[in-house]
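So you can see what is in the structure, the chains are spelled out below.
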Amino acid sequence: MAAFPHSVLFCCDYNATRSPMAEGMMKRFYGRDVYVQSAGVKSDLEIDGFTIAVMHEIGIDMEQHRARSFDDMQEWGDDLSTFDLVVALSPASQRKVLDLTRVFHMDIEYWPIMDPTGMGEGREARLTAYRQTRDQIRDRLIGKFGQPIF
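The rules behind these values
- Residues numbered from 1 in each chain as written.
- Predicted model: local features only at pLDDT ≥ 70, side-chain atom pairs only at ≥ 80, totals over all residues.
- Heavy atoms only, no water.
- Helix = DSSP H or I, 4+ residues; strand = E, 2+ residues; numbered from the N terminus.
- Buried < 20%, exposed > 50% of the residue type's maximum accessible area, 1.4 Å probe, protein only.
- Areas by Shrake-Rupley, 256 points an atom, 1.4 Å probe, with all protein chains shown as cover.
- Lys, Arg positive; Asp, Glu negative; His and termini not counted.
- Charge placed at Lys NZ, Arg CZ, Asp CG, Glu CD.
- Pairing = 2+ DSSP bridges.
- Axes fitted to C-alpha atoms, helices over the stretch in contact; angles between N-to-C directions.
- Contact = heavy atoms within 4.5 Å.

Asks: How do you make sense of the overall build of the protein chain when you look at a structure like this?
Replies: Check the secondary structure of the protein chain and you find five helices and four strands. Counting from the amino terminus, helix and strand elements in the protein chain follow one another as β-α-β-α-α-β-α-β-α. Once the C-alpha set of the protein chain is aligned to its principal axes, its extents read approximately 45 × 35 × 25 Å. The buried share among the 150 residues of the protein chain stands at 47%. As displayed, the protein chain has an accessible area near 7800 Å², and 48% of this comes from carbon and sulfur atoms. For the protein chain, the distance from the average site of its 17 positive side-chain charges to the average site of its 23 negative ones is 3 Å.

Asks: Would you mind going over the sheet that holds strand β3 (residues 85–88) with me for this structure?
Replies: For sheets, the rule is that strands pair by backbone hydrogen bonds, running either parallel or antiparallel. The parallel open sheet is built from four strands, whose spatial order is β2-β1-β3-β4. A single partner strand is all that each edge strand has here, and the edge strands are β2 (35–40) and β4 (107–110). Each neighbouring strand pair of the sheet contributes to a mean axis angle of 20 degrees, computed without reference to strand direction. Pairing between strand β1 (residues 7–12) and β3: four bridges, direction parallel. Looking at β3, one finds that V8 is bridged to L85. Of the strands in this sheet, β1, β3 and β4 are in contact with helix α4 (residues 91–100), which crosses β4 at around 160 degrees.

Listed below in structure tokens is the structure:
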């Protein structure tokens, strides 16, 4: 298990599914002693309704999440160089992070997490795909940081 970083950024393609799930679980499982945010390569989608549903199943409210991109972060004053750990959850976000952080000293990890969007036919099949993604992220968090504190 790794020591807790002071700040973590999770990122994916649109900040609408995987990275908000990771942000929400990190905050819930390990408290607010760690500064946790999420971002996407793009931010032109809102939080996914299936994401809200499967996170609600484990007691995490995602309805107030607002998608943001790396550009939005910079505009809002959240400097990428201040994060101790950046976790990319998609190949596109990994490429973007590596490009943006060439001159910064920080830990960057790539967790290949399944993108559930567009998977399954019908509500139950889609929910199953989103649960699998949520559970993949949960397992990676626990593997890295240990059992949830809360």
